[in-house]
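Single-letter residue listing:
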Amino acid sequence: MNYDHERLLADFASRTLHNLELIRKFHKTQPKRKAYEVTQLINSMLGLLVFPKEQYLDDIPDKTLEELKAEGWPIPEVRPGYNQAKTLKQLLRFMRNGITHFNVEFLPDHNNEIVGIVIWNNRPNGTTNWKAELPLEQIEAISLRFIDLLTENDLNNA
């Protein structure tokens, strides 16, 4: 089925959520078969962060992290020596740059299962100006919040 071109971004976000739910369900109901939830989550984040930046960045609300936290958004823990993003736009830009340029380190638990990531943003001169650690639950929560933002506000028609 083709995308609804009148609501392309919202449609993409909805389909991303649907795929994440399918992978999660498959992983739980058929544990002997391989389903890579974390890979799907990172792929989803890549699409969710790249698409809006290319055409709809100006329509993303410029809320402060304090406002986001009050609304229930998880705020990534910044590593010592790095500054926290100040707004939703900046946070999404840092995360987008980190994922797009594969500035990501996967964090395993004692069973070598991925439990989180470290993600960082580099300036054009190559220096790192933001570096944060996010457990998988935070990545998923940010993804779901961003999907809600994209589908509820329908940035295609903003």
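Look above for the structure.
Residues numbered from 1 in each chain as written. Predicted model: local features only at pLDDT ≥ 70, side-chain atom pairs only at ≥ 80, totals over all residues. Heavy atoms only, no water.

*Asks:* Mind showing me how you'd approach the overall build of the protein here?
*Replies:* The helix and strand inventory of the protein stands at 5 helices and 4 strands. Here the C-alpha radius of gyration of the protein, 16 Å, is about what a compact globule of 158 residues would show, namely 15 Å. Across its three principal directions, the C-alpha atoms of the protein cover 45 × 45 × 30 Å. Here the protein holds 158 residues, and the buried ones make up 39% of them. Looking at the protein alone, contacts between residues at least 24 apart form 57% of all its contacts between residues at least 6 apart. In the form shown here, the protein has an accessible surface area of approximately 9,400 Å², with 50% of it arising from carbon and sulfur atoms. Of the charged side chains in the protein, 19 are positive and 22 negative, and the gap between their average positions amounts to 5 Å. (Helix = DSSP H or I, 4+ residues; strand = E, 2+ residues; numbered from the N terminus. Rg over C-alpha atoms; globule rule 2.2 N^0.38 Å. Buried < 20%, exposed > 50% of the residue type's maximum accessible area, 1.4 Å probe, protein only. Contact = heavy atoms within 4.5 Å. Areas by Shrake-Rupley, 256 points an atom, 1.4 Å probe, with all protein chains shown as cover. Lys, Arg positive; Asp, Glu negative; His and termini not counted. Charge placed at Lys NZ, Arg CZ, Asp CG, Glu CD.)

*Asks:* Can you help me understand the pattern of salt bridges in this one?
*Replies:* When the charged atoms of two side chains lie near each other, side chains of opposite charge can form a pair. Inspection of the entire model under this criterion finds 4 salt bridges. When the shortest N-O distance is used, the salt bridge between R24 and E140 registers 2.1 Å. Separated by 116 residues along the polypeptide, R24 in helix α1 (residues 8-29) and E140 in helix α5 (residues 136-153) bring together distant segments of the chain. Exposure remark for R24: the relative accessible area of 23% places this residue in the partly exposed category. Judged by relative accessible area, E140 falls into the partly exposed class, the value being 25%. Here E133 makes a salt bridge to R79, at a shortest N to O gap of 2.8 Å. Of the two residues, E133 sits in strand β4 (residues 128-135) while R79 sits in the loop between β1 (77-78) and α4 (88-100), which places them 54 residues apart along the sequence. On the basis of relative accessibility, which here comes to 28%, the residue R79 falls in the partly exposed class. (Salt bridge = Lys/Arg side-chain N within 4 Å of Asp/Glu carboxyl O.)

*Asks:* Would you mind going over the nonpolar core with me for this structure?
*Replies:* Within soluble globular proteins, side chains that are nonpolar tend to cluster in buried spots. Formed by 35 residues in total, the largest nonpolar core has its most connected members in M95, I119, W130, L134 and F146. Contributing elements (two or more residues each) for this core: α1, α2 (37-55), α3 (65-70), α4, β3 (114-122), β4 and α5. The greatest single-element share of this core, amounting to 7 residues, is contributed by α5. (Core = buried A, V, L, I, M, F, W, Y, C linked by side-chain atoms within 4.5 Å.)

*Asks:* Whenever I open this one, the environment of R33 confuses me. Can you help?
*Replies:* Relative to the elements of secondary structure, R33 occurs in the loop between α1 and α2. A residue is classified by how much of its surface remains accessible, and R33, at 52% relative accessible area, is exposed. Between the alpha carbons of R33 and H101 there is a distance of 30 Å; along the sequence they are 68 residues apart.

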